[in-house]
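Examination of the molecular architecture
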Amino acid sequence: MYLQRAGFHVRLIDRDAPGKGASYGNAGVIAVSSVEPVATVGTLRQVPRMLLDDLAPLSIRWPYMPRLTPWLLRFLAASRPQRVEEISIALREICQPALDAYLPLMEMAGSTSLVRRGGWLTVYESDEAFAAASESLALKRRRGVNFDVLPAEEVRQMEPRLAPTIRHAVHFSDYSWVTSPLALSQSLAEAFQRQGGELRQATVNGFDVGASGPERINSDVGAFELEPDDLVVIAAGAHSKPLAAQLGAKVPLDTERGYHVMLPDPGLDLRMPVCHGESGFVSTTMDDGLRLAGTVELGGLAAPPNWRRADVILQHAKRILPGLNDGGAERWMGFRPSMPDSLPVIGASPRFRNVFLAFGHGHLGLTLAAVSGRMIAEMATGRPTSINAAPYKPDRF
Ligand SMILES: Cc1cc2nc3c(=O)[nH]c(=O)nc-3n(C[C@H](O)[C@H](O)[C@H](O)COP(=O)(O)OP(=O)(O)OC[C@H]3O[C@@H](n4cnc5c(N)ncnc54)[C@H](O)[C@@H]3O)c2cc1C
């Protein structure tokens, strides 16, 4: 939509209907204050458990280990304190304008009513888990994030449905969320088409490439010919790596698999998304029920879901939200497109100036979709980007 606003005629080729993929099942949070990469010293402390417990909030599937190792080494390198500091500055810069970048598009799509403001609550049942979060809170303080640490007695004033087992909570006031990620994507896709955008349902298999760039996009329904002035943007989420490689960009993209449980009739509404600090999932009240979404499983794109991970999320949720009704629960698994340094890839291919990459948004793809689109449109028109694009360069590794 930002490319359209910049005057381009845009054809979107997707093998699925709008809003499927990872964008279907996320927790709906527009995390404008998210400044912490996944790889930190705190995460590394969890590595032994990650390797031994397939139900841990962060786990690795052993058979995938050989393929994951290069990514994991880069993940380790990204966890160095100096690097964490740099990454958090880049995250701060790109996340902060995220909602502002969305609003003009949502207004065009008539979907601003899907957005709710009111913050986000991270809750802890144990003193140990809360104490372990101190480094993370210090990082957020250094980045100027607004938050309040709540004493136990104030937690239930903020969110009355939480169990008395919650001993600590941190409220982040600047977050917002959408009550249906799917409806958001669908409304944007409709607006895109109303503005003259073309939606084509096809699986892209690759490109015919000439000396100055791609000449043809090949798909299961035939080829899409490209004119010399055409631009190509690869934004295929966790599936982008082989497509980008064909167009000259070797990026260490992998996936952090995440799960959700959708409860259509939960018997309670939350005032804001609630993240359970110990187990890494978020509970968000949506238009069609309560969504419990999160955790990370490093296991690639091919392995079948481990549904016990979703069941564990539900168990924790029933403990921290007494009276939760799990009738009609539905489970889902999706592929976060994840870079080892938790920063997206936004920029031109190192080989072809008319090829742009916009993927690898990891835990923040809903948050950063609009701001990334705006940056790509700025790059495509040769304007300076509103955000310094250097940290997201495709060839930074
Ligand atoms: C459990 C969970 C909770 C999350 N919660 C949040 C949250 O609260 N806030 C947040 O900001 N982010 C969250 N995320 C992350 C966010 O959902 C993702 O980063 C985001 O959806 C990625 O969007 P994408 O468009 O890059 O990829 P996708 O949504 O996966 O879309 C990729 C698209 O590319 C298409 N495609 C792929 N290959 C091809 C091909 N060869 N040919 C044609 N089409 C192709 C697919 O059909 C798909 O439509 C969460 C993720 C998970 C898993």
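Structure's up top.
What comes next concerns the included structure. Nothing here was measured: the structure is a model prediction, and the numbers come from that model. (Residues numbered from 1 in each chain as written. Predicted model: local features only at pLDDT ≥ 70, side-chain atom pairs only at ≥ 80, totals over all residues. Heavy atoms only, no water.)

Bringing the site of the ligand into the picture now. Taken together, the neighbourhood of the ligand is formed by 29 residues, with Asp14, Ser23, Val29, Gly362 and Thr367 sitting nearest. In this structure, Gly365 approaches the ligand through a main-chain N or O atom, which is 3.0 Å from an oxygen atom. When the ligand sits alone it has 1,000 Å² of accessible area, and the protein chains cover 90% of it. Counting only elements with at least two residues in the shell around the ligand, the list comes to α2 (22-25), β14 (254-263), β18 (330-338) and α14 (365-380). (Near = heavy atom within 4 Å. Polar contact = N/O pair within 3.5 Å; in protein donor to acceptor, adjacent residues only side chain to side chain. Areas by Shrake-Rupley, 256 points an atom, 1.4 Å probe, with all protein chains shown as cover. Helix = DSSP H or I, 4+ residues; strand = E, 2+ residues; numbered from the N terminus.)

The subject of this paragraph is helix α7 (residues 98-109). The end-to-end C-alpha distance of α7 is 17 Å, a good match for the 16 Å that 12 residues give at a rise of 1.5 Å each. Among the residues of α7, those classed as buried are Ala98, Leu99, Ala101, Tyr102, Leu103, Leu105, Met106 and Ala109. Positioned one or two residues after α7, Gly110 has a phi angle of 65 degrees, which is positive. (Expected span 1.5 Å × (residues − 1). Buried < 20%, exposed > 50% of the residue type's maximum accessible area, 1.4 Å probe, protein only.)

It is worth spelling out the sheet that holds strand β19 (residues 345-348) at this point. Taken in spatial order, the three strands line up as β13-β20-β19 in an open sheet, and their pairing is mixed. The open sheet has two free edges, formed respectively by β13 (232-234) and β19, since each of these has just one partner strand. Shown here is a sheet whose adjacent strand axes are inclined to one another by a mean of 15 degrees, direction ignored. Relative to strand β20 (residues 355-359), β13 is paired through three bridges, and the arrangement is parallel. In the strand pairing of β20, Val232 is matched with Val355. (Pairing = 2+ DSSP bridges. Axes fitted to C-alpha atoms, helices over the stretch in contact; angles between N-to-C directions.)

For the pair α7 and helix α11 (residues 181-194), interaxial distance at closest approach is 8 Å and the crossing angle is 75 degrees. When the axis of α7 is compared with that of α11, the two are roughly perpendicular. The residues of α11 that touch α7, namely those facing Tyr102, Leu105, Met106, Met108 and Ala109, are Leu184, Ser187, Leu188, Ala191 and Arg194. Residue composition of the contact of α7 with α11, grouped by class: eight nonpolar, one polar and one charged. (Parallel < 35°, antiparallel > 145°, perpendicular 65-115°, else oblique. Contact = heavy atoms within 4.5 Å. Nonpolar A, V, L, I, M, F, W, Y, C, P; charged D, E, K, R; others polar.)

The next thing to look at is the packing of α7 against α14. The N-to-C vectors of α7 and α14 enclose an angle of 75 degrees; their axes lie 8 Å apart at closest approach. With respect to their mutual orientation, α7 and α14 come out roughly perpendicular. In contact with Ala98, Ala101, Tyr102 and Leu105 of α7, α14 contributes Leu366, Thr367, Ala369, Ala370, Val371 and Arg374. A class-by-class count of the residues in the contact of α7 with α14 yields eight nonpolar, one polar and one charged.

Attention now moves to the sheet that holds strand β4 (residues 115-117). Strands sit in the order β2-β8-β4 across an open sheet of three strands; the sheet is antiparallel. Only two strands of the sheet have a single partner each, and these edge strands are β2 (29-30) and β4. Both β2 and strand β8 (residues 176-178) contribute to a ladder of two bridges, which runs antiparallel. Following the sheet pairing, Val29 is matched in β8 by Trp177.

Before going further, it helps to examine the pairing of β20. Strand residues, when the strand is regular, have side chains that alternate between the two faces of the sheet. Counting buried positions along β20 yields five of five residues, so the element is predominantly enclosed. Burial along β20 is two-sided: Val355, Leu357 and Phe359 facing one way and Phe356 and Ala358 facing the other are all buried. With four bridges joining them, β19 and β20 adopt antiparallel strand pairing. Of the residues in β20, the one forming a bridge with Ala348 is Phe356. Remark: six residues form the turn of the hairpin made by β19 and β20, two consecutive strands paired antiparallel.

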